[in-house]
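A closer look at the structure
Below, each chain spelled out in residue letters.
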Amino acid sequence: VSQEYGRDPTSDYQGVILQRGLILNVLALLPCAVAVWCREAIFTAMYPPALAASAAAFTTYTMLFLATISLTTTMGKFLSNQRLPHLVTIAVSSVIVTGPIAQNYLVPRYGLNGAMLAMGISGLIELLLIVAFTFGTAQSRRNFGAWRIMGEVTQDWAAVKDHIRLALPSSAFVALESCAF
């Protein structure tokens, strides 16, 4: 969605761009899901047993966190493009409130599993707010439109390929941003 900055904020084409971005992000999460599924074997091969066990425990709920942060980033860019960045700021601010509360509750009870679970829950709350803002604001709801990505794929495959070429570097940046967090 980021390559669409500067486009008319009332353009319903932005909804198609968002739908493409959401699908690409979900597809990009599939290799991550495989890595999380095999995390114990991966960590055992890389680290001493105690560290491997800690790393495996911490990453138990990684997919919840990665999915929420990936989808939130995509939908947040859509809202910013609609000239509604204040709604994104409100959603991001929710993590400042919910993150420490979730960490204080879950880490003492579940240890390292609780740390990633708390991050995932905070991210899920942020995602739910972004979705509510997207569909609760008339302009964004109108621009998102109906789910029409399949028609776009079948009618204009060249545009989809161009979008993928632009989206891959952007997705890589979002992934690096998430890893840095």
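The structure contained in this document is the topic of the report that follows.

The next thing to look at is the overall build of the protein. In terms of helices and strands, the protein carries nine helices and zero strands. Walking the protein from its N terminus toward its C terminus, one meets helices and strands in the order α-α-α-α-α-α-α-α-α. Each of the 181 residues in the protein was classed as buried or not, and the buried ones make up 40%. Taking the contacts inside the protein whose residues are at least 6 apart along the sequence as the reference set, 78% of them involve residues at least 24 apart. For the protein, the exposed surface amounts to about 9800 Å²; the carbon and sulfur share of it is 71%.

On to the environment of Phe133. Mapped onto the elements, Phe133 comes out in helix α6 (residues 112-136). For Phe133, a relative accessible area of 18% corresponds to the buried category. Distance in space between the C-alpha atoms of Phe133 and Ile90 is 9.8 Å, their sequence separation being 43 residues. Residues contacting Phe133, with those up to four places away along its chain left out, are Leu79, Leu87, Ile90 and Ala91.

Mapped onto the elements, Ile130 comes out in helix α6. Look at Ile130 and you get buried, because its relative accessible area is 1%. Measuring from C-alpha to C-alpha, the distance between Ile130 and Val88 comes to 6.7 Å, with 42 residues separating the pair along the chain. Setting aside its immediate chain neighbours within four residues, Ile130 contacts Thr72, Met75, Gly76, Leu79, Val88 and Ala91.

Here helix α3 (residues 49-58) crosses α6 at 30°, and the two axes come no closer than 7 Å. The angle between α3 and α6 falls in the class roughly parallel. Here the hand of the crossing between α3 and α6 comes out right-handed. Contacts between α3 and α6 involve Ser54, Ala57 and Phe58 from the first element and Leu112, Asn113, Ala115, Met116 and Met119 from the second.

Time to look at the packing of helix α1 (residues 13-37) against helix α4 (residues 62-81). When two helices pack together, you describe them by how their axes are tilted relative to each other and by the distance separating the axes. Interaxial distance between α1 and α4 falls to 10 Å at its minimum, and their mutual angle equals 165°. Comparing their axes, α4 and α1 come out roughly antiparallel. Judged by the sense of rotation from one axis to the other, the crossing of α1 with α4 is right-handed. For the pair α1 and α4, the contacting residues are Gln14, Gly15, Leu18, Gly21, Leu22, Asn25, Val26, Leu29, Cys32, Ala33 and Val36 in the first and Thr62, Met63, Leu66, Ala67, Ser70, Leu71, Thr74, Met75, Phe78 and Asn81 in the second. The class makeup of the residues in the contact of α1 with α4 is 13 nonpolar, eight polar and no charged.

With that settled, the discussion passes to α4. One turn of the α-helix equals 3.6 residues, which is why residues spaced by three or four share an orientation. Under the 1.5 Å per step criterion, the end-to-end length of α4 is 29 Å for 20 residues, consistent within 8% with the ideal 28 Å. Taking burial as the measure, the 20 residues of α4 include 14 buried ones, the bulk of the element. One or two positions beyond α4, positive phi appears at Arg83, with a value near 65°.

What counts and what doesn't
- Residues numbered from 1 in each chain as written.
- Predicted model: local features only at pLDDT ≥ 70, side-chain atom pairs only at ≥ 80, totals over all residues.
- Heavy atoms only, no water.
- Helix = DSSP H or I, 4+ residues; strand = E, 2+ residues; numbered from the N terminus.
- Buried < 20%, exposed > 50% of the residue type's maximum accessible area, 1.4 Å probe, protein only.
- Contact = heavy atoms within 4.5 Å.
- Areas by Shrake-Rupley, 256 points an atom, 1.4 Å probe, with all protein chains shown as cover.
- Axes fitted to C-alpha atoms, helices over the stretch in contact; angles between N-to-C directions.
- Parallel < 35°, antiparallel > 145°, perpendicular 65-115°, else oblique.
- Left-handed = near helix turned anticlockwise from the far one by under 90°.
- Nonpolar A, V, L, I, M, F, W, Y, C, P; charged D, E, K, R; others polar.
- Expected span 1.5 Å × (residues − 1).

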